[in-house]
Amino acid sequence: MAFAAIREFLKLQGIHYQAPAKAGVLAPEMEQYRALAQAARKEFTDLVSAFQQRHPYLEQDRTSQWMNQAQVLRPHFWAYLKGEGTMAEPMFALRLYGDAADFGVSLEVSFIERKKDEESLQKQQMVLTIPITQPVYYFAQKNGESQRVEGTEKNRHDLLQGVAEGTVRKVLVKYDVSLVEESSLENILDQLQEALVALEPYYLATRQV
């Protein structure tokens with residue numbers, strides 16, 4: 001699995017996009033950016049769809065757009081996969097990570113900020129009630145900044161303390177699957193199956209509120 005479009009699009013992270021009709025002499029370049037972005041988004045969406053087909057109880061949401069509201073190219077696509085409950089509750093998501101040299105997808109348990117309700121954050125924090133072992137890890141919002149936190153019991157207890165003190169707001173649990181090392185779609189889906197099994201206890205914990 002080469003994921004050639006994703007690999008090339010990752011090289012364009014942060015570039016400002018203009019509609020070709022308004023780009024003047026840069027119009028051909030902008031058209032190339034758009035074509036590559038659309039191809040990369042399709043590669044990612046097809047992977048999410050293949051994963052969802054193995055797990056039909058999960059409802060696939062649309063893939064994120066290839067640029068943000070400021071028209072800056074955004075290669076790190078994501079797509080949520082809803083199980084039981086509403087769109088305000090924690091669910092599974094697949095998210096692209098890395099750069100052109102080393103990239104993959106992470107399966108995570110998280111919620112959509114723009115869809116959240118009064119209970120979303122409390123439910124998400126329940127992932128900290130489950131003991132953790134690597135390769136599962138945390139992605140925590142501490143003092144307003146998001147950062148990767150290795151999956152150790154010490155870090156789990158530190159994050160629980162941070163939640164109690166109000167310095168930690170949101171904690172995701174994640175599991176990475178390389179798209180560079182795996183040679184076939186089936187191998188990638190098998191790795192994602194392992195990720196799902198590893199993350200399921202955390203997902204179920206979010207249903208205990």
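Residues numbered from 1 in each chain as written. Predicted model: local features only at pLDDT ≥ 70, side-chain atom pairs only at ≥ 80, totals over all residues. Heavy atoms only, no water.

The name an unreviewed UniProt entry gives the protein chain is HI_0552 family protein, with Streptococcus lingualis as the organism.

*Asks:* Quick question: what am I supposed to make of the environment of V171 here?
*Replies:* Looking at where V171 falls in the secondary structure, it is placed in strand β7 (residues 168-178). A C-alpha to C-alpha distance of 9.7 Å links V171 and L160, two positions 11 residues apart in sequence. Non-local contacts of V171, meaning those with residues more than four positions away in its chain, are made with Q124, V127, L128, Y138, F139, A140 and L159. (Helix = DSSP H or I, 4+ residues; strand = E, 2+ residues; numbered from the N terminus. Contact = heavy atoms within 4.5 Å.)

*Asks:* Can you walk me through the sheet that holds strand β1 (residues 59-60) in this structure?
*Replies:* Hydrogen bonding along the main chain pairs the strands of a sheet, whether they run parallel or antiparallel. Strand order in this open sheet of 7 strands is β1-β2-β3-β4-β7-β5-β6, and the pairing throughout is antiparallel. The sheet terminates laterally at β1 and β6 (145-149), the two strands that pair on one side only. Summarising the sheet, strand β5 (residues 137-142) and β7 pair through 6 bridges and their orientation is antiparallel. Bridged to A140 within β7 is V171. Running at roughly 155° to β7, helix α5 (residues 185-205) makes contact with β3 (91-99), β4 (102-110) and β7 of the sheet. (Pairing = 2+ DSSP bridges. Axes fitted to C-alpha atoms, helices over the stretch in contact; angles between N-to-C directions.)

*Asks:* Help me out: how do you make sense of the pattern of salt bridges in this one?
*Replies:* If the charged atoms of two oppositely charged side chains come close together, the side chains can form a pair. Under the definition given, this model contains 17 salt bridges. Residue E113 pairs with K116 through a salt bridge whose shortest N-O separation is 3.4 Å. Since its relative accessible area comes to 41%, K116 is described here as partly exposed. With a closest N to O distance of 2.8 Å, R156 and E153 form a salt bridge. Linking R156 with E153, this pair stays in helix α4 (residues 153-165), spanning 3 residues, or about one helical turn. Relative accessible area serves as the criterion here: at 9%, R156 is assigned to the buried category. (Salt bridge = Lys/Arg side-chain N within 4 Å of Asp/Glu carboxyl O. Buried < 20%, exposed > 50% of the residue type's maximum accessible area, 1.4 Å probe, protein only.)

*Asks:* How should I be thinking about unusual backbone geometry in this particular structure?
*Replies:* Only a minority of non-glycine residues have a phi that is not negative, and only a minority of peptide bonds are not trans. Across the junction of Q134 and P135, the peptide omega takes the value 15°, indicating a cis bond. Tracing the chain through its elements places P135 in the loop between α3 (120-124) and β5. The phi torsion at F3 lies on the positive side, around 45°, for a residue other than glycine. With respect to the helices, strands and loops of the structure, F3 is situated in the segment before α1 (4-10). Classification of F3 as buried rests on a relative accessible area of 7%.

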